[in-house]
Amino acid sequence: MQRTLEERAEALLKELSVEEKLYQLSGEMIYTVGEDYEEKRNPMHGNYRNPGHFIHASRGAVVRPSEVAERINRDVKLSIEAQPHNIPPIEHGECLHGAQWGMATVFPQPIGMASTFDDELVGQIGDIIGKECAAVGVRQVLSPNVNITRDCRWGRTIETFGEDVLLSCNMGVALCKGLEQNGVIATPKHYADNYSFGGRDSNYSDTSERAMREVYLKPFEKCFKEAGAQSVMAAYNSWEGIPCSNNKKLLTDILRDEWGFEGFVVSDYFGVEGVCTAHKLTDEKWQAQAKCVEAGLDVNLPLDSYKQLMTAYQEGWLTDQVLDKAVLRVLTAKFRIGLFDDPYVDAGKAEEIVRCEEHKQVSLQGARESMILLKNEGVLPLRKHAIKKIALFGPGADELPLGENYTGPYKFKWTAEDVQTPLQYLREYFGSDAEVICAGDEQIEEIAAECDAAVYFTTAVEGEGMDRCNICLPSYTEAVQADGNALIVDKKAISVKVNQEESIRRMCAANKNAVVVLLNGAPIDMTGWIEDSKAVLEAWYPGEQGSRAICEILFGECSPSGKLPISFPKSVGQLPLFYAYKPTGRGYAYNDNDGKPRYCFGHGLSYTRFALSDYGCDVEDNTLKVNFSIENTGDYDGAEVVQIYLAGRNCDVVRPVQELKAYKRISLKKQEKVNAVITVLEEAFCYYDQKMVFDLHDGDYTVQLGTSCNDIMTTFEVKVRNKKLFTVTGI
């Protein structure tokens, strides 16, 4: 009888020595991949940061996908041959918005992915990233980041899907499914509440268990239960006084005992050591290692922990029972993804897969759908035939719109011969029909005044290790170099040598057809210039095809359709700011501020118009179905995101004033009309009661249908009684 994968893992575990077991929980990362690489590499470890991430910098040139695949194949072969039981290693890497081992396809940053409100498209992106990782032998990725951002001062806002629970769940599930179906282990991070007061990264969390379960844990749970993610990364910070890396309540009680998670837990880089050095719960690192494994963490990344583990074992801090559980989880995952049966890749096929035309087209579609038209007072779209001279200004005008965070391999800029900056693409777009001028900000008055249109491309200083106390566009600043823990991201100090706010005001004064294109990863305080600007396009960092997508939207080749996945505050003094807050006892405003965002969650303009009508709803098997008609009444093809929110009352506990519970992206040709249905599942009406039991408890709900959290077209009432959902009033 053929043995199951789990049985094969259990049988192998019984044959391993203590030394072999400890190596399976240990990893290695070597920053330089030169002639002495194999001399430095210990082939006994069970986990490696893949050398493809480092080989480009060591070579001083772009390395082809086939070469990366061959190097990783060689790595795997060395380990298999050195292991007494021929155990292949897991080669891991990053893939925040594209496989980061080299020059793979680059998609919009995650905040841009979320702006599409397109689960299917993000699933395609996940599938492509999975294919481009698997093609070279990267079999585990430390993505996606499913932390909820409710204070955009956090530098890693760019990595997230924004402030909303449902949207973050859906985006995380879509990416994880795409990765896992290609035999690549998804690793949602950072489990669980990775920033604190003022958006400070990795600060201790005093978030209540109610808030954790209602908000911050939900995306993780969904990624495991619905997408089959086989790993998870513990966060650096502490929760309830215990570091996440050795928090038994998180890693065992909730993750495994409640949710039934069967995969393995990895540390954030150097997170285990932090239990000793940062949190100071132990005097020795080996003691921290033992505490973490005992609590439910399995693999310490990125560096050698074998000696620490051995000391812990010899000192009696690490028992055979605990050790075997951890090793079995790692071995089982290796069997599940087929590492034992097929540990090598076809290096030649990597050339056919990576950045093929199909993948680039999906990147282009992602860029198109991610962009949000925040403001437009008749300036956009620009008319190509009316343009004979156009001026481009700003630090982002002649840069690839990728974003520095997790883009390209270690110490080597992502590049491709067929990818262009906004300036380069616009010059190609116009050819000899118009002059495209790119000038310094000091020439704005002189040049903008003589042009038919002017566009300012911003930049921002943000990312891992770059939390912000000021959310205005950076001016005359220089970012601080990242600390050692962020080296793998390869962030650079980014200089901003102009006053971007002043430049925008001057450009808008000099040219009536002035447009601001925001290239950023988090909300911006626009107070200093928004009244001067008639058109603002939020492009985020749209990826390798972003310059083309920006041009298409500016000139009406396609209509903007993105929606904000995060509230844009008027100023930093409003933070933290998010739409799904719970009722206050008195009011929401400061004496000099009404408490409302500048642009609300779900906001996004279009070049066309949509009319909704013929509303109705019914309940079937505790599922609410909302039906309506939608018509594109304008002159452009376009897409609208119809959103369903719930506002609860008469519940057992206080509920948010409004929560997104379903949405649907609908594409329509001009003058096209369709009937549509949005399904709101039973779970949308469930909540944690006073006893912290999650169930379909009694409550009354106003169901809101709209195109943003503030633009509600119609409402109707439903109620829950005795675990049954009823329609109270129809439309």
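Below: a short report on this structure. The structure presented is a predicted model; accordingly, all values stated were derived computationally and were not measured. (Residues numbered from 1 in each chain as written. Predicted model: local features only at pLDDT ≥ 70, side-chain atom pairs only at ≥ 80, totals over all residues. Heavy atoms only, no water.)

**Examining the sheet that holds strand β21 (residues 623–632)**
- Here we have three strands laid out as an open sheet, ordered β20-β21-β24, and antiparallel in their pairing. Strands with a single pairing partner mark the edges of an open sheet, and in this sheet they are β20 (610–620) and β24 (673–680). Recorded for the sheet is a direction-independent mean angle of 20° between the axes of neighbouring strands.
- Bridge count between β20 and β21: nine bridges; the pairing is antiparallel. (Pairing = 2+ DSSP bridges. Helix = DSSP H or I, 4+ residues; strand = E, 2+ residues; numbered from the N terminus. Axes fitted to C-alpha atoms, helices over the stretch in contact; angles between N-to-C directions.)

**Focus on the packing of helix α18 (residues 422–430) against helix α21 (residues 546–554)**
- The interhelical angle for the contact between α18 and α21, taken along N-to-C directions, is 55°, at an axis separation of 8 Å. Judged by the inter-axis angle, α18 sits oblique to α21. You can see that α18 and α21 cross each other, and the crossing is right-handed. For the pair α18 and α21, contact is made by Pro422, Tyr425, Leu426 and Tyr429 and by Ser547, Arg548 and Cys551, respectively.
- Looking at the contact of α18 with α21 residue by residue, the class counts come to five nonpolar, one polar and one charged. (Parallel < 35°, antiparallel > 145°, perpendicular 65-115°, else oblique. Left-handed = near helix turned anticlockwise from the far one by under 90°. Contact = heavy atoms within 4.5 Å. Nonpolar A, V, L, I, M, F, W, Y, C, P; charged D, E, K, R; others polar.)

**Some remarks on the nonpolar core**
- Counting residues in each nonpolar core, the largest one holds 128 residues, and the members touching the most others are Tyr191 and Leu250.
- If you tally residues by element for this core, the top one is helix α8 (residues 165–180), at nine residues.
- Every residue in contact with Tyr191, bar those within four places of it in the chain, is listed here: Leu217, Phe220, Val232, Met233, Ala234, Ala235, Cys244, Leu250, Leu251, Ile254, Leu255 and Trp259.
- Core analysis: the second largest hydrophobic core is formed by 39 residues, Met371, Tyr425, Phe430 and Tyr607 among them. (Core = buried A, V, L, I, M, F, W, Y, C linked by side-chain atoms within 4.5 Å. Buried < 20%, exposed > 50% of the residue type's maximum accessible area, 1.4 Å probe, protein only.)

**Structural notes on the side chain of Asp441**
- By the element assignment, Asp441 lies in the loop between β14 (435–438) and α19 (444–448).
- Arg506 provides the closest opposite charge to the buried, unpaired Asp441, separated from it by 5.8 Å.
- For Asp441, the side chain forms a polar contact with the side chain of Ser503, separated by 2.6 Å.
- With sequence-adjacent residues up to four places away left out, Asp441 is seen in contact with Phe393, Gly394, Tyr456, Val498, Ser503 and Arg506. (Lys, Arg positive; Asp, Glu negative; His and termini not counted. Salt bridge = Lys/Arg side-chain N within 4 Å of Asp/Glu carboxyl O. Polar contact = N/O pair within 3.5 Å; in protein donor to acceptor, adjacent residues only side chain to side chain.)

**Description of the packing of aromatic side chains**
- Taken as a whole, this structure holds 24 aromatic pairs when the rule is applied.
- Taking 3.9 Å as the distance between ring centres and 10° as the angle between the ring planes, the aromatic pair formed by Tyr23 and Tyr306 counts as stacked. Remark: Tyr306 occurs in helix α14 (residues 306–314) and Tyr23 occurs in helix α2 (residues 18–24); sequence separation between them is 283 residues.
- Under the relative-accessibility criterion, Tyr23 is labelled buried at 13%.
- Centre to centre, the rings of Tyr191 and Phe220 are 5.2 Å apart; their planes meet at 70°, and the pair counts as edge-to-face. (Phe/Tyr/Trp six-rings, centres within 6.5 Å; stacked < 30°, edge-to-face > 60°.)

**Quick notes on the layout of surface pockets**
- By volume, the largest pocket amounts to about 1,300 Å³.
- For the lining of the largest pocket, the elements supplying multiple residues, two or more each, are α8, β6 (195–196), α9 (209–216), α10 (218–225), β23 (659–668) and β25 (687–688).
- Top element by residues in the lining of the largest pocket is α8. It accounts for seven residues.
- Within the lining of the largest pocket, the residues separate by chemical class into 25 nonpolar, eight polar and 16 charged. (1 Å grid on protein atoms, 1.4 Å probe; cavity = no way out; pocket = protein on both sides within 12 Å on 5 of 7 lines; lining within 4 Å. Points joined across faces, edges and corners; volume = space filled by probe spheres on them.)

**A short note on the pattern of salt bridges**
- Across all of its chains, the model carries 52 salt bridges by this definition.
- Its salt-bridge partner being Arg71, residue Glu38 comes within 3.1 Å of it at the nearest N-O pair. Pair noted here: Glu38 is in helix α3 (residues 37–40) and Arg71 is in helix α5 (residues 65–82), with a separation of 33 residues, a long-range link.
- When its relative accessible area of 32% is taken as the criterion, Glu38 is described as partly exposed.
- A salt bridge links Lys723 to Asp695, with the shortest nitrogen-to-oxygen separation between them at 2.7 Å. Here Asp695 lies in strand β26 (residues 694–695) and Lys723 lies in the loop between β28 (712–721) and β29 (724–729), a separation of 28 residues in the sequence.
- The class for Lys723 is partly exposed, based on a relative accessible area of 43%.
- On the basis of relative accessibility, which here comes to 26%, the residue Asp695 falls in the partly exposed class.
- Here the residues in one salt-bridge network are Arg210, Glu214, Lys582, Arg655, Glu659 and Lys661, joined through shared partners.

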